[in-house]
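One letter stands for each residue in the lines below.
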Amino acid sequence: VTDHLASPSDLERARARAQARRAARRARVTVCGGTGCQAAGCREVAETVRREVARRSLEASVDVVVTGCHGFCEQGPIVVVRPSNVFYPRVTPARVADIVERTVVRGEPVEGLLFRDPVSKKRIAREDDIPFYSRQRRLVFAHNGTIDPESLDDYLAVGGYGALAKALFEMTPEQVIEQVDRSGLRGRGGAGFPTGRKWASCRAAPGPIRYVICNADEGDPGAFMDRSLLEGNPHAVLEGMLIGARAIGSTQGWVYVRHEYPLAVRNLGIALEQARAAGLLGERILGSDLSFDVRVSRGGGAFVCGESTALMASLEGRTGEPRAKYVHTVEHGLWDRPSNLNNVETWANVPLIVERGADFYASIGTQGSKGTKIFSLVGKIHNTGLVEVPMGTTLRDVVFGIGGGIPKKKRFKAVQTGGPSGGCLPEKLLELPVDFDRLTEAGSMMGSGGMIVMDEDTCMVDVARYFVRFLADESCGKCVPCREGLRTVLAVLERITRGRGRADDIDLLEQVGAWMTQASLCALGGSAANPVSSTIRYFRDEYDAHIRDRRCPAGVCKDLVTYGIDPERCNGCGLCVPVCADGLIRGERKKLHTLEAERCVKCGACYAVCNRGAILRG
Amino acid sequence: MGACQPPRSIDEILARHPPERSSLVMVLQDVQAAYGYLPVDVMERVADVLGVARTHVYAVATFYRVLSLEPRGRHLLRVCMGTACHVRAAQRILEAAERRLGVGDGGTTPDREFTLQTVGCVGACAIGPVVQLDETAHGHMTVPGVAALIEGAGAAEGEP
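What counts and how
Residues numbered from 1 in each chain as written. Chains lettered and ligands numbered in written order. Predicted model: local features only at pLDDT ≥ 70, side-chain atom pairs only at ≥ 80, totals over all residues. Heavy atoms only, no water. Helix = DSSP H or I, 4+ residues; strand = E, 2+ residues; numbered from the N terminus. Buried < 20%, exposed > 50% of the residue type's maximum accessible area, 1.4 Å probe, protein only. Contact = heavy atoms within 4.5 Å. Areas by Shrake-Rupley, 256 points an atom, 1.4 Å probe, with all protein chains shown as cover. Lys, Arg positive; Asp, Glu negative; His and termini not counted. Charge placed at Lys NZ, Arg CZ, Asp CG, Glu CD. Rg over C-alpha atoms; globule rule 2.2 N^0.38 Å. Buried area = accessible area lost by both parts, 1.4 Å probe. Salt bridge = Lys/Arg side-chain N within 4 Å of Asp/Glu carboxyl O. Polar contact = N/O pair within 3.5 Å; in protein donor to acceptor, adjacent residues only side chain to side chain. Axes fitted to C-alpha atoms, helices over the stretch in contact; angles between N-to-C directions. Parallel < 35°, antiparallel > 145°, perpendicular 65-115°, else oblique. Nonpolar A, V, L, I, M, F, W, Y, C, P; charged D, E, K, R; others polar. Expected span 1.5 Å × (residues − 1). Arc of directions from axis to C-beta. Pairing = 2+ DSSP bridges.

Of the regular secondary structure elements, chain B holds seven helices and four strands. Helices (α) and strands (β) of chain B occur, in sequence order from the N terminus, as α-α-α-α-β-α-α-β-β-β-α. With the principal axes as the frame, chain B shows a C-alpha extent of 50 × 40 × 30 Å. Among the 160 residues that make up chain B, the fraction classed as buried is 54%. Of the contacts formed within chain B by residues at least 6 apart in sequence, a portion of 59% connects residues at least 24 apart. Carbon and sulfur atoms provide 53% of the accessible area of chain B, an area that totals close to 6,800 Å². Separation of charge centres in chain B, based on 14 positive and 18 negative side chains, amounts to 5 Å.

So, about the overall build of chain A. Helices and strands together make up the secondary structure of chain A, namely 25 helices and 19 strands. Here the C-alpha radius of gyration of chain A, 26 Å, is about what a compact globule of 618 residues would show, namely 25 Å. Expressed as lengths along the three principal axes of its C-alpha atoms, the size of chain A is roughly 80 × 65 × 40 Å. Buried positions account for 61% of the 618 residues belonging to chain A. Summarising the internal contacts of chain A: among those between residues at least 6 apart in sequence, 71% fall at separations of at least 24. As displayed, chain A offers around 23,600 Å² of accessible surface, 49% of which is attributable to carbon and sulfur atoms. Placing the 82 positive and 74 negative side-chain charges of chain A at their respective mean positions leaves the two points 3 Å apart.

What follows is about the interface of chain A and chain B. Each partner contributes to the interface: chain A provides 68 residues, whereas chain B provides 44 residues. Taken over both partners, the interface formed by chain A and chain B buries close to 4,200 Å², and the fraction arising from carbon and sulfur atoms is 56%. Where Arg295 of chain A meets Glu20 of chain B, a salt bridge forms, and the shortest distance between an N and an O atom there is 3.9 Å. Joining chain A to chain B, the criterion identifies 25 residue pairs in polar contact (both at pLDDT 80 or more).

Residues and elements named next belong to chain A. Close contact between helix H9 (residues 195–204) and helix H11 (residues 234–248) brings their axes to 9 Å; oriented N to C, the two are set at 45°. As far as their axial angle goes, H11 and H9 are oblique. Facing Trp199, Cys202 and Arg203 of H9, the residues of H11 in contact are Ile243, Gly244, Arg246, Ala247 and Ile248. Here the contact of H9 with H11 is composed, by residue class, of five nonpolar, one polar and two charged.

Two quantities define a packed helix pair, namely the angle between the helix axes and the distance between the axes. Residues and elements named next belong to chain A. Remark: helix H18 (residues 460–474) packs on helix H22 (residues 530–538), axes separated minimally by 9 Å, with the N-to-C direction vectors making an angle of 170°. By the angle between their directions, the pair H18 and H22 is classed as roughly antiparallel. From H18, Met460, Ala464, Phe467 and Val468 reach across to H22, where they touch Pro531, Val532 and Thr535. For the contact of H18 with H22, the residue count by class is six nonpolar, one polar and no charged.

Our focus in this paragraph is the environment of Leu67 of chain B. Residues and elements named next belong to chain B. Note that Leu67 resides in the loop between helix H4 (54–63) and strand S1 (75–80). Separated by 34 residues in the primary sequence, Leu67 and Ala33 have C-alpha atoms spaced 9.2 Å apart. Apart from the residues within four sequence positions on either side, Leu67 is in contact with Leu28, Gln29, Gln32, Leu38, Val60, Ala61 and Arg72.

Turning our attention to helix H1 (residues 8–24) of chain A. All names here are of chain A. Spanning 17 residues, H1 covers 24 Å between terminal C-alpha atoms, matching the ideal 24 Å at 1.5 Å per step. Listing the buried residues of H1 in full gives Asp10, Leu11, Ala14, Arg15 and Ala18. Seen from one end, H1 has its buried residues packed into an arc of 135°, which puts them on one side. Facing away from the buried surface of H1 by more than 90 degrees, the exposed residues are Ala23 and Ala24. Buried-residue contacts for H1 involve helix H6 (152–157) and helix H7 (162–169).

What follows is about the sheet that holds strand S15 (residues 450–455) of chain A. Residue and element names in this part refer to chain A. Read across the open sheet, the five strands follow the order S12-S11-S15-S13-S14; overall the sheet is mixed. With partners counted over all chains shown, the strands left at the sheet margins are strand S12 (385–390) and strand S14 (423–426), one partner each. Averaged over all neighbouring strand pairs, the angle between strand axes comes to 30°, with direction disregarded.

This is a description of form; function is not addressed.
In C-alpha cells form, the structure reads like this:
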C-alpha cells in the first residue's frame, strides 16, 4: 500500500522503497494474463506457479506476477523468469514444477521447453533474443510484460509518475505543450492529427472548464493494442492524461471504454482507486496546484462512438451520432465546453515524451511520423500478436521479419491496414515504409494499427464486401451519403459475390465511393470507400473473375464454389468423415471417399481438416 | 461486469449513478446486465428518475448493440466477426452455430437457453476465429468445435 504522496520528494521516497523491495527479490516469474493467454489457460498456469513457489517456501524471495499482454499471443500461455528473462512458450501446468525447480531455484534454463525458432530450428533461451522481440523497439509497451497492472508500486518502480512530477514542478504548461508539439507525436487513433497542436488549441479556447478525454472505444476489428495497454499498464495511460490536464488546464477527465473489454474496465478502475488513495488524483496533486479526477464510462457497443463527436454525445447520455466537423471539439466539445480527446496509445506516449524529451522522441521514425507504433499483427501469419516498431519500418520487416511469414506454405496475397475503412496492400508494396503519409498515398491508412495478413485463400471481393457490410451495419444513419451509399455499394458487392455481377458494376462502385468520400458527415463515411477502391486498384483481376467468369479464384464465395474429392489424392484416412455435420462423406477406410455434393452446405469443415489437399474446392 | 456484482433491483442500479442524463447509457447497461433485457416499466422508471423523455430512453435503448428490448437466453454465444477472424473463416463458424441452434444472428432459442449474436471484434484477434460463450473467449474455433461448445454448455445446464 502506497502512502498519500504530498510532494515530489514523497513520490521519490515511495519509488525508492518500491525499487528496494523489488531488488531484494531474487526472481520474478511473469505469467502473461492477456486475453489470448487466458483463452489458452494461463490462469491455471499462474496458480500452479504460485503453488510450486509456496511449496519450496520461496514466497519471500520470488514474485509471481500475472502481467498484461506480452504481445506474442501465438505462443501463449507465456511464462518469463526474470531478471534472466528466460522465456517459456505454451506452458502447461504439468511443466511448471520443472521451470520453478530448474530456472527459478537453480538458475538454468529447461532446454526442452524453450522457444524453438521456426527458421533456424534452434532453441532460444532469452526473451530478448527471440526474433519476434529482438526486431521490435518496445517503448510504449516496455513494461507491459514485467509489471503487475494491479500494483502502483510496480509502476513507481519502473519510473512511473516521474514525468508527471517533471511536468508539474519543472515545466510550465506551455513548455509541456511545446515538448509534445516538437516531439512530432500524432494521434494514434486513426486521423493522425498533431497532438501538440490539439492541446494548444484546447488550452487557448475560452471557458472556465475544460475536459480531457481518453478514447478507449477501440472498435477497429483486428486491433487490440489499446485493450492490452489498459489491461497491462493502466497507470501509464492515466499519467499521460494527468500531464495533458496540466498542459491544457483541465480538472475533469473521462475514459470511454468498450464494455466488451471487462478486464480493461476492471484494471483501470483499480488504478484510479490507487491513484486517488496516493494523492495522484484529486485535489492539489503531489502538492501542486493541479486538481484533477477521472470518470469512467462504458461504451454501448457502437462502432461509430469511436468518432470523437459521437463519443462525446454518448458521454452526455445521447445516441452516438457524429456532427459536422467545422465546429471543433477543442472549443465546443463535451457539454459544449473545450474538450481534448486522444486515444489510449496516444496518452501512453505522453509520459515517455516528457520524461525523455522531444528530441529523443523525434529521433525515432520518419519525417512526418515520429516515435513508435504498436500494430496488431493477425490473420494468416505465423507469429500473431502485438508488435511495436519505429514508424517507417517496412511492411516486409513487420510481416516477414517479425511475423515470420505465412503458415502452411501458402502465398502472401495482401495486408490490410487501417481498420474497416482502410485498404488492402498487395505484395508489390511490401517495401513500403509504414507511416501515416505513405499508407494514405497507397490508398490505405494507419487507422489504429491493425494489420491483417491475407493469403491465397482469401477472396479480395469477399473482403471488400465484409468491410462494407460492417460499415453499413455501424453507420449511424444521420447523413445520406454514408447511409445510402454504403447500402448501394453493399448490394452491388453482394451480387458480384453471388455470381450476378454486371459489366459496369466496377464503375458504379467507384462512382458511389467518390460521392461518399466527398459528402459524408464524418470519417466513417468519408473513408468507407477505401476497402472497395483499394481492392479494385490492386486486385482488379479478382473482380473480373467474379463478374465475367462467374468464378471465385480463392474458393470463398459460396455461390461460385462446389466441393468434391480428388481421387488422386484421397487416401481414405477418414479424417473428414466425422467433421461433416450432415454425414455426406462416405467411404471405406484406406479407400477413395465420396462427397454427396447436392446436399453439401459448403461449410468448409472437410477442407480445413484434410492434410492431403484431397478436398477440391472451386 | 468487472470487479463488482451486478445489482439486483432498479432502485439499487439508479442509486449507483448520479441522477442526470449522462448516466443513461450506464444505467441501461446495468439494467441489461441484471435483467437480461430492458423491460418497458423499468425504462419508464429510468426516464422519470433521470429526468429525460421516454422517447429519448427508447432512442438510446435501440441505438446501442449491447441493449436489447427482448429477453435474452441464459447463455450468450457471441461469434466474433472481426477482420482477423473473418480471414480465418469466421463466417463458417457463424453458420455452424446458426445451424446447431436453429436461430440466426440476434435470435434466441425457443427454450431461452441461448442467444446468438455476432460482434464486430472482441479484441482477441491473435487467436481467431474466436467465439465468446458468456464471459469466456474460446480461440482457434472450428466448425465441429463450436457445436461441441454449444453441446457442453447445454449439457452442463441439464445437470441437477
